[in-house]
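Architecture at a glance
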Amino acid sequence: MRNTDDVVSIDEVIEYGLTLPRSTEGVVRGRRKLYIKQIVYVAHEAEGIFGFAHPKEWCFFHDATTTEKFLMPIHQGDLRWNWACVRMDRIGAAEMRELVLDAWAFCVPKTVAREYAKTLNPR
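This one's a predicted model, so the numbers in the text were calculated from it and none came from an experiment. (Residues numbered from 1 in each chain as written. Predicted model: local features only at pLDDT ≥ 70, side-chain atom pairs only at ≥ 80, totals over all residues. Heavy atoms only, no water.)

Let us look at the nonpolar core. Core analysis: the biggest nonpolar cluster contains 33 residues, and Val13, Tyr41, Val42, Phe50, Phe52, Val100 and Trp104 have the highest contact counts within it. Counting residues per element, the ones that place at least two in this core are helix H1 (10-17), strand E2 (31-36), strand E3 (39-46), strand E4 (49-53), strand E5 (70-71), strand E6 (83-87), helix H3 (93-107) and helix H4 (110-120). It is H3 that provides the largest number of residues to this core, a total of six residues. If near-sequence neighbours (up to four positions away) are discounted, Val100 is found in contact with Val13, Tyr16, Gly17, Leu20, Tyr41, Val42 and Phe50. (Core = buried A, V, L, I, M, F, W, Y, C linked by side-chain atoms within 4.5 Å. Buried < 20%, exposed > 50% of the residue type's maximum accessible area, 1.4 Å probe, protein only. Helix = DSSP H or I, 4+ residues; strand = E, 2+ residues; numbered from the N terminus. Contact = heavy atoms within 4.5 Å.)

Pairing of side chains with opposite charge becomes possible as their charged atoms draw close. Inspection of every chain in the model, using the stated rule, returns six salt bridges. Arg32 serves as the salt-bridge partner of Glu25, at 2.6 Å between the closest nitrogen and oxygen. With a closest N to O distance of 3.5 Å, Asp89 and Arg90 form a salt bridge. Note on Asp89: relative accessible area 18%, which makes it buried. Arg90 gets classed as partly exposed once you look at its relative accessible area, which sits at 31%. The network of salt bridges with common partners includes Asp11, Glu25 and Arg32. (Salt bridge = Lys/Arg side-chain N within 4 Å of Asp/Glu carboxyl O.)

Applying the stated criterion across every chain, the model contains three aromatic pairs. Between Trp104 and Tyr116, the aromatic rings sit 5.2 Å apart at their centres with planes inclined by 70°, giving edge-to-face as the arrangement. Taken as a pair, Trp104 in helix H3 and Tyr116 in helix H4 lie far apart in primary sequence, twelve residues in all. Taken as a pair, Trp104 and Tyr116 share a single burial class, namely buried. Connected via pairs of aromatic rings, a cluster forms that spans Phe50, Phe52 and Phe70. (Phe/Tyr/Trp six-rings, centres within 6.5 Å; stacked < 30°, edge-to-face > 60°.)

Structure follows, in structure tokens:
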């Protein structure tokens, strides 16, 4: 477990997500979520855990180190979606940003993701 001063909070997750184009925040049944239009790409699942969208090709559950970090979806209805959960006390801010950015890029129109990527890596 990481030092509690270094633990990522859901506030940081949402704050970072809202910097990404077309992202909006919503609250459903007391849980904060990040959307692109009506598509949820990040959600506060439980205390210390957030869920995120991912491509089917990603596999988080292949060894002991990732199962300490990643979980299957907490809510039964999420099992049919490309969804995984992560324990926030097992990741740092950089990894959180990477997960949120990847989830956003998976859900946003590809032209928007490409344009945003150009701002990150200008040539």
